[in-house]
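Below, each chain spelled out in residue letters.
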Amino acid sequence: MTVREVQDEIIRLKKENDVCILAHSYQTHDIIEVADFTGDSYALSKMAAKVPNKTVIMCGVRFMAETVKILSPEKKVILSSPTAGCPMAEQMDKEMICQVKEKFPGYTVVAYINTTAELKTVCDVCVTSSSAVKIVNAIDNKNILFIPDCNLGAFVAKQVPEKNIELLRGGCPIHASVKVREVEQAKKRHPDALLLVHPECIPAVSEKADYVGSTSGIMEFAKNSDGTEFIIGTENSILQHLQYECPNKKFYQLSQGLICKNMKETTLVDVLNCVKGEGGEEIVMDEKMISEAKKCIDKMIELGG
Ligand code: 13P
Ligand code: SF4
């Protein structure tokens, strides 16, 4: 079967089986083309609560599928590739954070959405990269414990200096691996290009950027900018999508290392198997976990608008 034939079969089966396909922007373009909805973590979370179909396939990583299940527990939620986890989400667990919380009494615990459902049960509010500044600003407490990403946390702390933000040493191994040296080399190779980076990059990299924002933020900035050349400092799939959408602009990767192998685990054939009801993994969560984890996701949507 050709790629087009596989895509046509997915489109036919998803209608027949009342399936909605959600895909994070880090998925490859062939998957983005068959998805009903694509975007960054925040857009996907908001969509998760509204999907009308009885089955949802989440093409992304485990915490994203868990978020869909938490917001739509009556639906059958399938993670497209059972082994696609987010290493950052696995860096901190509930027990560890309960111990840390004892050292910070009275603090509001703000969890990046890249955390497990179990950990969310002991946090106060979730954020995503696109909503973090707005939400931290809106929290009615000066003292914030921000977990797990210290780079996103440092970015937020810079934007909201009036808050007292405590950070732990977690982060995305992919974005955090980008070196200042790579920024300097890329700028030298493409002196007219604007540098757009994700806030999961280290502060020394973000400080050199013309724009810092979520995956959707980066894409919108590049599409709407009068600039014609961009160095992209986030997962390299974004370059591929942007090149399709803006054929007259030029996009360069900031680093060859910006490939999230977990996000890339899902193939178009996996999606086909999922719509056939054969592949992926159904997310199963008990009611108590769902209701406890839901509180901080609901709070995110309430404060994030
Ligand atoms: P956003 O979708 O919020 O930009 O986050 C990127 C990411 O790393 C998802 O895992
Ligand atoms: Fe997790 Fe980083 Fe991959 Fe996003 S890019 S899923 S934060 S490892």
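The shown structure was predicted, so the numbers you read here are calculated from the model rather than taken from an experiment.

Undergrad: Where do I start with the site of ligand 1 in this structure?
TA: In the region of ligand 1, 14 residues are neighbours, and His24, Ser41, Ser129, His198 and Thr215 sit closest. Asn114 has a polar side-chain atom sitting 3.2 Å from an oxygen atom of ligand 1. Between ligand 1 and His198 there is a distance of 2.9 Å, counted from an oxygen atom to a side-chain nitrogen or oxygen. If ligand 1 stood free it would expose 300 Å²; the protein chains cover 96% of that surface. According to the grid-proximity analysis, the pocket containing ligand 1 is the largest cavity. A breakdown of the residues in the shell around ligand 1 according to their chemical character gives 5 nonpolar, 7 polar and 2 charged.

Undergrad: Whenever I open this one, the packing of aromatic side chains confuses me. Can you help?
TA: How two aromatic rings sit relative to each other is set out by the distance from centre to centre and by the angle between their planes. This structure, assessed with the given rule, holds 3 aromatic pairs. Summarising the aromatic geometry, the rings of Phe104 and Tyr107 are spaced 5.1 Å apart at their centres and angled 65 degrees between planes, so their arrangement reads as edge-to-face. Tyr107 carries the same exposure label as Phe104, and that label is buried. Taken together, a centroid distance of 5.5 Å and an interplanar angle of 20 degrees make the contact between Phe230 and Phe251 stacked. Remark: Phe251 occurs in strand β12 (residues 250–253) and Phe230 occurs in strand β11 (residues 229–233); sequence separation between them is 21 residues. The exposure class of Phe251 is buried, given its relative accessible area of 7%.

Undergrad: I tried to follow the sheet that holds strand β1 (residues 19–24) on my own but got confused; where do I start?
TA: Two pairing modes exist for strands in a sheet, parallel and antiparallel, and in both the strands are linked by backbone hydrogen bonds. Reading across the sheet, the 5 strands line up as β2-β1-β3-β4-β13 and stay open at both edges, with mixed pairing between neighbours. Two strands bound the open sheet, and with one partner strand each, they are β2 (37–39) and β13 (281–282). Strand direction decides the pairing type here: β1 and strand β3 (residues 55–59), joined by 5 bridges, are parallel. Bridged to Leu22 within β3 is Met58.

Rules used in this analysis
- Counting starts from 1 at the beginning of each chain's written sequence and moves along it residue by residue.
- By the order in which they are written, chains take letters starting at A while ligands take numbers starting at 1.
- Totals for whole chains, interfaces and linings use all residues, but because this is a predicted model, local features are given only for residues with pLDDT of at least 70 and pairs of side-chain atoms are given and counted only at 80 or more.
- With hydrogens and water stripped out, all remaining heavy atoms of the structure feed into the side-chain values.
- Distances are taken per atom, and a residue is near a molecule or strand as soon as one of its heavy atoms is within 4 Å of it.
- Here a polar contact is recorded for every N or O atom pair within 3.5 Å, except that within protein the pair must consist of a potential hydrogen donor and a potential acceptor, and residues adjacent in sequence are included only if both atoms are side-chain atoms.
- For the area figures, the Shrake-Rupley method with a 1.4 Å probe applies, and any residue is considered shielded solely by the protein chains shown.
- Here a cavity denotes a set of grid points, spaced 1 Å apart and computed over the protein atoms alone, in which a 1.4 Å probe fits but from which it cannot get out, and a pocket denotes an open set meeting protein on both sides within 12 Å along at least five of seven lines; residues with an atom within 4 Å of a point are reported as lining.
- Being in a pocket or cavity means that more than half of the molecule's atoms lie within 2 Å of its grid points.
- By the convention adopted, Pro, Cys, Tyr, Trp, Phe, Met, Ile, Leu, Val and Ala count as nonpolar, Lys, Arg, Asp and Glu as charged, and the other residues, Gly among them, as polar.
- What counts as a ring pair is set by centres within 6.5 Å for rings of Phe, Tyr and Trp (its six-membered ring), and what kind of pair is set by the plane angle: stacked under 30 degrees, edge-to-face over 60, tilted for all other angles.
- Only protein chains enter the accessibility calculation, which uses a 1.4 Å probe; a residue is then buried when its area is under 20% of its type maximum, exposed when over 50%, and partly exposed in between.
- Only DSSP runs of H or I covering at least 4 residues are called helices, and only runs of E covering at least 2 are called strands; the numbering of each starts at the N terminus.
- For two strands to be treated as a pair, DSSP must find at least two bridges joining them.

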